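Each chain, written out:
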Amino acid sequence: MAKKKAKTKKTATSSRKFSLKLNRQQKVVLGSFLMLFGLALIVAFISFLFTWQADQSILSDPANRELAARNWLSKFGVVVSNFFIYDGFGIAAFTFAFLIFLSGVYLFFGYASSSLRKFWFWGILVMIWFSIFFGFFGQTYPLLGGMVGFEMNDFLQDYLGFFGTILLMLFLFIAYLAIRLKVTPEMIAGYFKSGKKELQDAFDEQQENISETEEEIDWKEKAVVKTEEPKPKSINLSETKSPEKKSEPEIGKDTTTAEDDVAMEVETAPEEEEEDNLSKKLVKDFGEFDPTLELKNYKFPTIELLKDYGGSITIDQEELEENKNRIVETLKNYKIEIAQIKATVGPTVTLYEIVPEAGIRISKIKNLEDDIALSLSALGIRIIAPIPGRGTIGIEVPNKNASIVSMRSVISSPKFQNAEMELPMALGKTISNETFVVDLAKMPHLLMAGATGQGKSVGLNAILTSLLYCKHPAEVKFVLVDPKKVELTLFNKIERHYLAKLPDTEEAIITDNTKVINTLNSLCIEMDNRYEMLKNAMCRNIKEYNTKFKARKLNPNDGHKFLPYIVLVVDEFADLIMTAGKEVETPIARLAQLARAIGIHLIIATQRPSVNVITGIIKANFPARIAFRVTSKIDSRTILDNQGADQLIGRGDMLFTQGNELRRLQCAFVDTPEVDKITEFIGSQKAYPDAHQLPAYESEESGTGVDIDVSERDKLFREAAEVIVTAQQGSASLLQRKLKLGYNRAGRIIDQLEAAGIVGPFEGSKARQVLVTDLAALDQLLNEAPNN
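Bear in mind the structure is a predicted one, so any value in this text is a computation, not a measurement. In this convention, every chain numbers its residues from 1, walking through the sequence in written order. Only residues with pLDDT of at least 70 get local features here, since the model is predicted, and only at 80 or more are side-chain atom pairs given and counted; chain-wide, interface and lining totals rely on the full set of residues. Side-chain numbers here rest on the full set of heavy atoms in the structure, without hydrogens or water.

## Side note on the packing of helix α11 (residues 317-333) against helix α13 (residues 369-376)
Heads up, the rule is: Between N-to-C directions, angles span 0 to 180 degrees; the directions come from axes that are lines fitted to C-alpha atoms, helices contributing only their stretch in contact. The helix count covers DSSP runs of H or I at least four residues long, the strand count covers runs of E at least two residues long, and both are numbered beginning at the N terminus. The cut-offs work like this: below 35 degrees is roughly parallel, past 145 is roughly antiparallel, 65 to 115 is roughly perpendicular, and the gaps in between are oblique. Crossing handedness is defined as follows: a turn of the near helix away from the far one that is anticlockwise and smaller than a right angle gives a left-handed crossing, while the clockwise case is right-handed. We call two residues in contact when some of their heavy atoms are within 4.5 Å. Side-chain classes are defined by residue name, with Ala, Val, Leu, Ile, Met, Phe, Trp, Tyr, Cys and Pro counting as nonpolar, Asp, Glu, Lys and Arg as charged, and the others, Gly among them, as polar.
For the pair α11 and α13, the least separation of the axes is 10 Å and the interaxial angle reads 135°. Taken together, the axis directions place α11 and α13 in an arrangement best described as oblique. As for the relative orientation of α11 and α13, their crossing is right-handed in sense. Note on element contacts: α13 touches α11 through Asp-371, Ile-372, Ser-375 and Leu-376, opposite Asn-323, Arg-326, Ile-327, Thr-330 and Leu-331. Class assignment of the residues belonging to the contact of α11 with α13 gives a composition of four nonpolar, three polar and two charged.

So, in structure tokens, the structure goes:
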């Protein structure tokens, strides 16, 4: 036993040594040293190329302080440069200096080290190849290949000969192009073909311009009847005229015929060709249309506005070993043998991947979820059996010390910065600590759910922050619905930059349910208008349309304009369904079904993912879903069609699906002061005169101005008025029950009662307010009315 413990201690200590990672401060220090050292080597090498002969005396006695070196880095530069260039690899040694500098850059800025290892591997091979290649000229120019290059070249020529060495070098060169740069003969042929095509297109365009210019000159010559001889290639309008008539101001019969011929040619030219030529000329004269020109000096928020929470993952080897042993021991208790187990450490959760022995049923391991959770004394154990595409079984175990995934680390990651997406959203990090970025335009709508305090509002802020960091105000607009009235108020500062609202409304962030219904219906009108514009432009989606508009192929006088993306964000959908019901669900379902192609995307969040809130119609059109922690398996199945959300640990721990597999993520954390700084930074810049205006919408059920003519009132108008005033409840359903009417007739009477001033305006699903207190006041009101 003692020997076994000693062995385990040795393996633990050795694994700790191998898994030692530098923290951020150490990386900055080491990175800055390597950058400066690499720069010093480059300077010394360049100087050595010019001063190596003069500094040969230094090499015999470098410690002699009386000898002065001409190298820019003095004796250190002479010794190091002589070692790497003259005694080493020649001028190919510059590769080594560059690799050291590059390593410093990667450490200093915190880039992933996986690609750096590739740079070193291929860089050293390239350095050796160039050294051997320049070794052919080693006797004449010793600095080209260095001692290593000359000797290796000489060695190869002894066994392969001169031509054999050249063939070997050529083979290595082709192998490098194919493996490292992925160059193939087809690519080279395609490059030459495309180059040839570009030259041909340029030549054709030049010829077109020349012919257009000559044609213009000929028309001018004809108009003023010049005496000059026209060019033979141009359309000559004066060829048929006699020399005597050249000075006459009148245009003869032959000239008219020539004009008619040209006119016929112009008329028979295809309209599309003319439009293409016009658009090309406009692009040539003015360039492509730039939608950001109105706010050309707009600056995106800087990364310094976001806080760095020091979210580097620290691996606790003891915790990993302890959890691994407990998992193996628990499975052994149930006679389940494990062939292999490995761990992937994430910000909040560690994934243990196990490969069971042959003959073990997966369902048997799946049923031990609670037993494994008991043995590990951990909350939120989740078993993935099997992991899609890997052939292993995953056991997710929460870390004892969770790391915060800061919004700063996610926004500054290369994956987000280089994302070629229309609407990139950085949601957080995966279990393997990779930044997770998705495109909202491809989702095309997102449904979020989770219990109170589990991270929904932070998730919404993370999504909005991602879009603010990558999209110009001309490219995207937000419609924000906040029934809680406190979650999205910070975005009021960017109203004239990024927000969209109904005309004649004071606040862009919608908190009133009646305005929500009008806004949703207004978005439906905007959707229909955009589809009409796409139909006229013969485009299938907003990307094609905007590309065509930027290329000046669509005329603004025909109603065309640049279309920004519109993102509708609803923070508490359950409250809207409770108060407005179908009036909200119907336009949302319509937008979800149709609005994808024209750039309107929906993000809906709710605390209560029950079936009466997230109905089948909504779920069918929201394939992308995010589930934070929920309280029951039923809620998890409602939002994800799968269980698992009830086993999350909260505080931003979430499951994401886009219609296929579930992915566990740690949501990026962006605090309220950070959002405040970002909106303050944007709001302080020059903005548009007003927020983006949505189409005006008049509620069909408002009843305003209907049946003002008293003669058109219903026969039961007075009786209905008495029923409403007596019950003090202005609803059509009350009239249906009391007077035994159909819904349409009861609705018309309610409109007439509103026009008469007996009931108030439409208020969503609530009953209308009764403006008359009793029957006496009703009689007085009706008797005072004209023609009653």
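## As for the sheet that holds strand β4 (residues 393-398)
Selection criterion: In this scheme, strands are said to pair when DSSP sees at least two bridges between them.
With antiparallel pairing, the four strands of this open sheet are ordered in space as β1-β2-β4-β3. A strand with exactly one partner marks an edge of an open sheet, and here the two such strands are β1 (338-345) and β3 (382-384). Strand-to-strand twist across the sheet, computed as the mean angle between neighbouring axes with direction ignored, equals 20°. Note that strand β2 (residues 349-356) and β4 share six bridges and pair antiparallel. When the bridges of β4 are listed, Val-349 appears paired with Pro-398. Of the strands in this sheet, β1, β2 and β4 touch α11, which is tilted by about 40° from β2.

## Side note on helix α24 (residues 672-683)
As a reminder, the rule being used: What a helix should span is 1.5 Å times the count of its residues minus one.
A rise of 1.5 Å per residue sets the reference length of α24, with its 12 residues, at 16 Å; its end C-alpha atoms lie 16 Å apart and thus fit the reference within 8%. Here the buried face of α24 lies against α16 (456-470) and α17 (495-498).

## Quick look at the environment of Thr-430
Convention followed: Exposure is judged per residue with a 1.4 Å probe applied to protein chains only, and the accessible area is read against the type maximum: over 50% gives exposed, under 20% gives buried, and values in between give partly exposed. Each polar contact in these results corresponds to two N or O atoms within 3.5 Å; when the atoms are within protein, one needs to be able to donate a hydrogen and the other to accept it, and residues that are neighboring in sequence are counted only if both atoms are side-chain atoms.
With respect to the helices and strands, the residue Thr-430 is situated in strand β5 (residues 424-430). Look at Thr-430 and you get buried, because its relative accessible area is 6%. Within the local environment of Thr-430, its side chain forms a polar contact with the side chain of Ser-432, the two groups lying 3.1 Å apart.

## Thoughts on the side chain of Glu-526
If you trace the backbone, Glu-526 turns up in helix α18 (residues 513-537). Residue classification places Glu-526 among the buried positions, given a relative accessible area of 7%. Polar contacts involving the side chain of Glu-526 include one to the side chain of Arg-530, which spans 2.9 Å. Glu-526 has contacts with Ile-566, Ile-600 and Pro-695, leaving out every residue within four places of it along the chain.

## Observations concerning the packing of aromatic side chains
A ring pair, where both rings are aromatic, is described by two values, the distance of the centres and the angle of the planes. Threshold: Each aromatic pair joins two rings of Phe, Tyr and Trp (for Trp, the six-membered one) with centres within 6.5 Å, and gets the label stacked for planes under 30 degrees apart, edge-to-face for over 60, and tilted for any other angle. Placement of a positive charge over a ring is assigned whenever Lys NZ or Arg CZ falls within 6 Å of the ring centre and within 35 degrees of the normal to the ring plane.
For the structure shown, the criterion picks out 26 aromatic pairs. Seen from their ring centres, Phe-108 and Phe-109 are 5.1 Å apart, and the 80° between their planes marks the pair as edge-to-face. Given a relative accessible area of 28%, Phe-108 falls into the partly exposed group. For Phe-109, a relative accessible area of 46% gives the class partly exposed. Summarising the aromatic geometry, the rings of Tyr-309 and Phe-669 are spaced 5.4 Å apart at their centres and angled 65° between planes, so their arrangement reads as edge-to-face. In this pair, Tyr-309 sits in the loop between α10 (271-286) and α11 while Phe-669 sits in the loop between β14 (662-667) and α24, placing the two residues 360 residues apart along the sequence. Sitting over the ring of Phe-119, Arg-180 keeps its end group 5.5 Å from the ring centre.

## Digging into the pairing of strand β8 (residues 476-481)
Two faces, one strand: in a regular strand the side chains alternate between the faces of the sheet. With six of six residues buried, β8 lies mostly within the body of the structure. Judged by which residues are buried, β8 turns out to be covered on both faces: Val-476, Phe-478 and Leu-480 on one side and Lys-477, Val-479 and Val-481 on the other are all buried. Here β8 runs beside strand β10 (residues 565-570); their pairing, made up of six bridges, is parallel. Looking at the pairing, Val-479 lines up with Leu-568 of β10.

## Things to note about the pattern of salt bridges
The cut-off we apply is this: Within this document, salt bridges are pairs made up of a side-chain nitrogen of Lys or Arg and a carboxyl oxygen of Asp or Glu, the two lying within 4 Å of each other.
The final tally for this structure, using the stated rule, is 24 salt bridges. The residue Lys-543 makes a salt bridge to Glu-422 at a minimum N-O spacing of 3.5 Å. Here the residue Lys-543 occupies a position in helix α19 (residues 542-550), and Glu-422 occupies one in the loop between α15 (414-417) and β5, the gap between them amounting to 121 residues. The class for Lys-543 is partly exposed, based on a relative accessible area of 49%. We classify Glu-422 as partly exposed; its relative accessible area is 24%. The partner of Asp-528 in a salt bridge is Arg-590, and the shortest N-O contact between them spans 3.1 Å.

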